[in-house]
There are 2 protein chains.
Amino acid sequence: MARLTRAQTQERNRAKVLAAAREEFTERGFRDAKIDVIAERAELTRGAVYSNFPGKRALYFAVLAAEAERFAAQPPEPDPGLTPAEALGAFARAWVARLPLATDPDARLGVDLLPEILADELTHRPYAQLLRFDAIVLGLVLERLSPSSGRLVRVAEAALTMLHGASQLAAAAPGFGEPFNVVRACEALPALGLSDTWPEPPIVPQAKAAGETWSPPEVFDALRERPARIDGDGVVAVLGLHRLSAAEEALRAAKDVTLVVVTGQPGELVPLTNLVLADLRGLLKRSCPHSAWPDVRVIVDETGAVAAAAGVSAVSDATETALRVHSGHILLRAEGFGACHAAATSTVPAGSGEPR
Amino acid sequence: MARLTRAQTQERNRAKVLAAAREEFTERGFRDAKIDVIAERAELTRGAVYSNFPGKRALYFAVLAAEAERFAAQPPEPDPGLTPAEALGAFARAWVARLPLATDPDARLGVDLLPEILADELTHRPYAQLLRFDAIVLGLVLERLSPSSGRLVRVAEAALTMLHGASQLAAAAPGFGEPFNVVRACEALPALGLSDTWPEPPIVPQAKAAGETWSPPEVFDALRERPARIDGDGVVAVLGLHRLSAAEEALRAAKDVTLVVVTGQPGELVPLTNLVLADLRGLLKRSCPHSAWPDVRVIVDETGAVAAAAGVSAVSDATETALRVHSGHILLRAEGFGACHAAATSTVPAGSGEPR
């Protein structure tokens, strides 16, 4: 038998740790689970566990992200919603169908996620931004299905509020409420005429002429789950996990957007980000046609390599840089609050490096 | 200065412990709070703390129950809702107005409640039943405001699902969603025509003729927060915290119902019950006219004295006994699943002790 390469061994150990951790978290819950027991179940050393995951919480997020990937890998709904009401109804049906039953032996696995996220500012702030991003993407999908409706992000937020309540009550009070009524309530939201307008950012930094070449590495789009090219014309937003909701500025003002998600704590926060994005992908696949998905590629830039190609050498959760790119060149660059809006809307000064 | 009686000292120490515990939980969160530090802050011994509360969780529930009492003690809404939509809107407004802001120094106090409840079957099952009871009472209120609507418990459940989601997201993602939209969504629920019928219990135990006298002690109605007499004619349901939702059987079939809530774990579960009931009272006071409240007295029978007067000498969370009482006598008695329905609907046999 051929010996495994180092990378193959690492990959195999990672899979063994994830499988062992899933068992341990399901049986004992997050708080009582022990890294030592996980290592034992995986027939690996403690060190081998820690070489793959910085700690118990990162491992927990990774286990749940793998669950979300399995959910998202199911085939798409052949008959997706074609109106906002239909799409929200299908989204809600997919959500509630996923809720564990009280009798489900796996019901325990996910219940500690929110308490763990809430217990620490480190996870709390990024999660809040990831939820906003969920609402932005779902809102944009609804708007594409009904272009005359105006902004529907508030409708998406109301639906997500209802659905998070359903998840919480499914855990706290199994059997409470009728899932079908949750679906009905979500379907009814678009007709309520909730007031919603997009407020342009009031203070916008100056976008500066740049001129460097734009030659990003090959990337993987975490929203559509496929390799993607991001060297075309458009706006590239490099956003830390505390600034993710600023992506809407770019999405409102530019036709083609690449979102590069960066963090100062990749060990814990990349698994959390992957979890939220896989969940969103799985739900969108089951609720709306692919043609309604927004024109955005979402790159989870774990190593910071894509950010570096965009000239952002040090990344943190507060990173907020946006570029306007054209024909392989960076025409404009903006930094700080409002950067995405600035990069998308500012006039490109003459002689700014755009090849003529 | 006159020396305090033993009862006065106990009352004063209890208040000091609660105030100290509130500070400690607010500053450090439930998990990191320490009984020793609470005792120190209260200038009492550990023993004095434990003589009032069996443990940290009981103390936490009691602190939150005291908060809920303060909320419920505010004056009632002078202009309550007069239709189901208005009442649900007002209920939702009162709910979201109560949510802490992210900047609120007290925001931390309540966030550990649900994780703590979920972490243990002991609290988890009673909480599920308390939530169902919330929905039953709110549903009955809505039905009184619109007698032709049929059962509205499902509508109440959908509203509570939305509102629990809003609470959860206020903690996890401050600023997510627009509270006004949550209110609008709740207002819209009655018009959705959610299907809802009351299923009579399929298997009903035999109600047996009794004949003992019915002379209950003085009690305190925890729903309306006032002393109450419960020696009138009607149905008395003695329900453990795992069987609370069976109260609907009595409420659907009898005009006048007394609910005696009992538990095998009063130290922790009485504060939890008080918390949920005070919350419900505060929200109802702000959302609907007193005349729409259901005809039920809710007695939290901490010592089991009222249950004993009803002939139930050993109480547990599974207790389910119902009586039909008339003119100071117990005419019928039923036990087990369906007991409330049986006591409310069975024919009283001739010569069963009813004075003629």
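Keep in mind that what you see is a predicted model, and the values were worked out from it rather than measured. (Residues numbered from 1 in each chain as written. Chains lettered and ligands numbered in written order. Predicted model: local features only at pLDDT ≥ 70, side-chain atom pairs only at ≥ 80, totals over all residues. Heavy atoms only, no water.)

Q: Break down the overall build of chain A for me, with residues and values.
A: Counting its regular elements, chain A contains 13 helices and eight strands. For 356 residues, the compact-globule estimate of 2.2 N^0.38 gives 21 Å, and the C-alpha radius of gyration of chain A, at 21 Å, lies within 12% of that figure. In terms of overall dimensions, chain A has C-alpha extents of about 65 × 55 × 40 Å along its principal axes. By residue count, 56% of the 356 residues in chain A fall in the buried class. When the 37 basic and 44 acidic side-chain charges of chain A are each reduced to a single mean position, those positions are 2 Å apart. (Helix = DSSP H or I, 4+ residues; strand = E, 2+ residues; numbered from the N terminus. Rg over C-alpha atoms; globule rule 2.2 N^0.38 Å. Buried < 20%, exposed > 50% of the residue type's maximum accessible area, 1.4 Å probe, protein only. Lys, Arg positive; Asp, Glu negative; His and termini not counted. Charge placed at Lys NZ, Arg CZ, Asp CG, Glu CD.)

Q: Account for the sheet that holds strand E7 (residues 320–326) of chain B, with residues named and values stated.
A: Adjacent strands of a sheet form backbone hydrogen bonds with each other and so pair up, either parallel or antiparallel. All names here are of chain B. The six strands are arranged E1-E8-E7-E4-E5-E6 in an open sheet whose pairing can be described as mixed. Of all the strands in the sheet, just strand E1 (208–209) and strand E6 (296–300) have a single pairing partner and so form its edges. For E7 and strand E8 (residues 329–335), the ladder comprises six bridges, and the chain directions are antiparallel. Residue histidine 326 lies in a different strand from E8, and its bridge partner there is histidine 329. This element, helix H11 (residues 266–285), spans strand E5 (257–262) and E6 of the sheet and lies at about 150 degrees to E6. (Pairing = 2+ DSSP bridges. Contact = heavy atoms within 4.5 Å. Axes fitted to C-alpha atoms, helices over the stretch in contact; angles between N-to-C directions.)

Q: How would you sum up the packing of aromatic side chains? Please name residues and give values.
A: The description of two aromatic rings rests on the distance between their centres and on the angle between their planes. A full pass over the atoms with the stated rule returns eight aromatic pairs over all chains. Consider the rings of Phe91(B) and Trp95(B), whose centres lie 6.5 Å apart with planes at 35 degrees: the pair is tilted. Taken together, the residues span about one helical turn, with Phe91(B) and Trp95(B) both in helix H5 (residues 84–98) at a distance of four residues. By the burial criterion, Phe91(B) is buried, and Trp95(B) matches it. Clustering of aromatic rings is evident, with ring pairs tying together Phe25(A), Phe30(A) and Tyr60(A). The side chain of Lys56(A) reaches across the aromatic face of Phe30(A), ending 4.7 Å from its centre. (Phe/Tyr/Trp six-rings, centres within 6.5 Å; stacked < 30°, edge-to-face > 60°. Lys NZ or Arg CZ within 6 Å of the ring centre and 35° of its normal.)

Q: Outline the pattern of salt bridges, listing residues and values.
A: Residues and elements named next belong to chain B. Enumeration according to the criterion identifies 48 salt bridges over all chains in this entry. Here arginine 57 and aspartate 120 are joined by a salt bridge, their closest N and O atoms 3.0 Å apart. In this pair, arginine 57 is assigned in helix H4 (residues 56–72) and aspartate 120 in the loop between helix H6 (113–118) and helix H7 (121–145), connecting sequence segments 63 residues apart. Using a relative accessible area of 26% as the deciding quantity, one classes aspartate 120 as partly exposed. Measuring nitrogen to oxygen at the nearest pair gives 2.5 Å for the salt bridge that ties arginine 297 to aspartate 256. With arginine 297 in strand E6 and aspartate 256 in the loop between helix H10 (247–253) and E5, the pair connects residues that are 41 residues apart, well separated along the chain. Judged by its relative accessible area of 15%, arginine 297 falls in the buried class. Classification of aspartate 256 as partly exposed rests on a relative accessible area of 28%. (Salt bridge = Lys/Arg side-chain N within 4 Å of Asp/Glu carboxyl O.)

Q: Any details on the environment of Ala222(A)? Residues and values, ideally.
A: All names here are of chain A. Mapped onto the fold, alanine 222 is located in the loop between strand E2 (219–221) and strand E3 (226–228). Residues alanine 222 and phenylalanine 30, spaced 192 residues apart in sequence, show a C-alpha to C-alpha distance of 27 Å. With sequence-adjacent residues up to four places away left out, alanine 222 is seen in contact with Leu277, Arg281, Val298 and Val300.

Q: If you had to explain the relation of the copies chain A and chain B to someone new, which residues and values would you point to?
A: The two copies are related by a screw motion: chain A maps onto chain B through a turn of 180 degrees and a shift of 0.0 Å along the axis, at an RMSD of 0.0 Å. Both copies of the chain, as the preceding transformation shows, are related through a two-fold rotation axis. By C-alpha distance to the rotation axis, the residue of chain A lying nearest is Gly165(A), at 1.7 Å. The share of interface residues of chain A whose copies in chain B are also at the interface is 100%, consistent with both copies meeting through the same surface. (Least-squares fit on C-alpha atoms with pLDDT ≥ 70 in both.)

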